[in-house]
Amino acid sequence: MPVSARVYEVELKCRAEHGAVRERLDTAGATRRRAVTQRDVYYDAPHRDFAETDEAFRLRREEVVDGIASEPVSKLTYKGPLVEAESKTRAEHETLVDDGTEARAIVEALGFEPAAVVEKERTFFELNGYTVTLDSVSGLGEFVEIETTVETDEAIPAARNRARELLETLGVDPDENIRTSYLGLLFEAGAADETLDAPE
């Protein structure tokens with residue numbers, strides 16, 4: 001069975017006050033898509049240390065709070081190591097799962113252990129072919145992310161440079177880009193939620 005093609009997620013992330021960014025999004029003609037809440041359970045692997053290899057494996061539960069009504073969805077995601085110093089670009093594989101509870105049971109039966117939880121409120125916009133996300137992360141505050149996907153590593157620099165230009169359009173300094181994940185930031189702040197038995 002063939003393995004799916006690799007996709008690179010080219011992403012820049014900065015701290016930003018949402019009110020000012022929303023005004024710039026309106027001025028730039030961005031399209032607001034939806035608002036969601038997300039609860040991400042991150043796992044440690046039984047066969048290697050993800051903190052050392054700079055990888056991530058998570059189970060996400062997402063609920064739409066403003067947009068096209070839908071049932072909550074669950075997704076399994078693997079993210080590879082960062083591939084460059086200028087952005088948060090990684091190889092990524094993601095799939096929907098029908099039953100998040102059963103998916104969690106399978107993952108944990110294979111020896112993966114829950115490590116931490118990240119909870120976010122997110123509002124998504126589209127702007128010039130990029131997804132702009134306003135994130136409010138429990139324990140961390142407000143951020144803006146801008147991202148797109150490319151299929152080859154040769155396409156990464158152009159995608160990243162365009163993302164930098166769009167951040168400037170939104171009044172955000174791309175040189176303030178944060179390459180550390182929300183999970184990593186929570187651990188750095190000593191605020192990672194490890195109460196993993198809370199209801200999902």
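Conventions used here
- Residues numbered from 1 in each chain as written.
- Predicted model: local features only at pLDDT ≥ 70, side-chain atom pairs only at ≥ 80, totals over all residues.
- Heavy atoms only, no water.
- 1 Å grid on protein atoms, 1.4 Å probe; cavity = no way out; pocket = protein on both sides within 12 Å on 5 of 7 lines; lining within 4 Å.
- Points joined across faces, edges and corners; volume = space filled by probe spheres on them.
- Nonpolar A, V, L, I, M, F, W, Y, C, P; charged D, E, K, R; others polar.
- Patch = residues over 30% accessible without salt bridge, like charges linked within 9 Å, V, L, I, M, F, W, Y side chains within 5 Å.
- Areas by Shrake-Rupley, 256 points an atom, 1.4 Å probe, with all protein chains shown as cover.
- Salt bridge = Lys/Arg side-chain N within 4 Å of Asp/Glu carboxyl O.
- Lys, Arg positive; Asp, Glu negative; His and termini not counted.
- Charge placed at Lys NZ, Arg CZ, Asp CG, Glu CD.
- Helix = DSSP H or I, 4+ residues; strand = E, 2+ residues; numbered from the N terminus.
- Buried < 20%, exposed > 50% of the residue type's maximum accessible area, 1.4 Å probe, protein only.
- Core = buried A, V, L, I, M, F, W, Y, C linked by side-chain atoms within 4.5 Å.
- Contact = heavy atoms within 4.5 Å.
- Expected span 1.5 Å × (residues − 1).
- Arc of directions from axis to C-beta.
- Pairing = 2+ DSSP bridges.
- Axes fitted to C-alpha atoms, helices over the stretch in contact; angles between N-to-C directions.

### Quick notes on the layout of surface pockets
Then comes step 1: The volume enclosed by the largest pocket comes to roughly 1100 Å³.
Then comes step 2: Around the largest pocket, the lining is made up of 50 residues, and of these Glu9, Tyr42, Arg58, Arg60 and Lys79 lie nearest the centre.
Then comes step 3: Considering only residue class, the lining of the largest pocket consists of 15 nonpolar, 10 polar and 25 charged.

### A few points about a negative patch on the surface
Then comes step 1: Residues Glu17, Glu23, Asp26 and Glu142 make up a contiguous surface patch of negative charge.
Then comes step 2: Its location among the elements puts Glu17 in the loop between β1 (7-15) and α1 (18-28).
Then comes step 3: Here Glu17 falls in the partly exposed class, since its relative accessible area comes to 49%.

### A closer look at unusual backbone geometry
Then comes step 1: Phi is positive for Asp54, close to 60 degrees, though the residue is something other than glycine.
Then comes step 2: We classify Asp54 as partly exposed; its relative accessible area is 28%.
Then comes step 3: The backbone of Asn128 shows a phi angle near 50 degrees, a positive value even though the residue is not glycine.
Then comes step 4: Checked against the element boundaries, Asn128 lands in the loop between β6 (113-127) and β7 (130-137).

### A word on the nonpolar core
Then comes step 1: Within the largest apolar cluster, 24 residues are counted, with the highest numbers of intra-cluster contacts made by Val21, Leu25, Val132, Val144, Ile146 and Val172.
Then comes step 2: The element that contributes the greatest number of residues to this core is helix α4 (residues 156-169), accounting for five residues.
Then comes step 3: Every residue in contact with Val144, bar those within four places of it in the chain, is listed here: Leu12, Lys13, Cys14, Ala16, Val21, Val132, Thr133, Leu134, Leu167 and Val172.
Then comes step 4: Counting 13 residues, the second largest nonpolar core, distinct from the first, contains Ala116, Ile178, Leu185 and Leu186.

### Topic: α4
Then comes step 1: Relative to the 20 Å expected for 14 residues at 1.5 Å per residue, α4 spans 20 Å between its end C-alpha atoms, a close match to the ideal helical length.
Then comes step 2: Three or more residues of α4 are buried, namely Ile156, Ala159, Arg160, Ala163, Leu166 and Leu167. Summarising the axial view, the buried residues of α4 lie within an arc of 120 degrees, below the 170-degree limit, and thus occupy one face.
Then comes step 3: Residues of α4 that are buried make contact with β1, β6, β7 and β8 (141-150).
Then comes step 4: Once α4 finishes, Gly171 follows within two positions and takes phi at roughly 80 degrees, a positive value.

### Let's talk about the sheet that holds β7
Then comes step 1: Read around the closed barrel, eight strands run β1-β5-β4-β3-β2-β6-β7-β8, paired in antiparallel fashion. Neighbour-to-neighbour, the strand axes of the sheet open up by a mean angle of 35 degrees, direction not taken into account.
Then comes step 2: Of the strand pairs in this sheet, strand β2 (residues 31-44) and β6 are connected by 13 bridges, and their pairing is antiparallel. The residue bridging Thr31 from the neighbouring strand is Glu126, located in β6.
Then comes step 3: Where helix α3 (residues 100-109) meets the sheet, it contacts β2, β3 (56-66), β4 (73-82), β5 (90-97) and β6, and its direction lies at approximately 170 degrees from that of β3.
Then comes step 4: Contacting β1, β6, β7 and β8, α4 crosses the sheet at an angle of about 25 degrees to β1.

### Some details on the pairing of β2
Then comes step 1: Both β2 and β3 contribute to a ladder of eight bridges, which runs antiparallel. Considered in β3, the bridge of Arg39 is made with Arg61.

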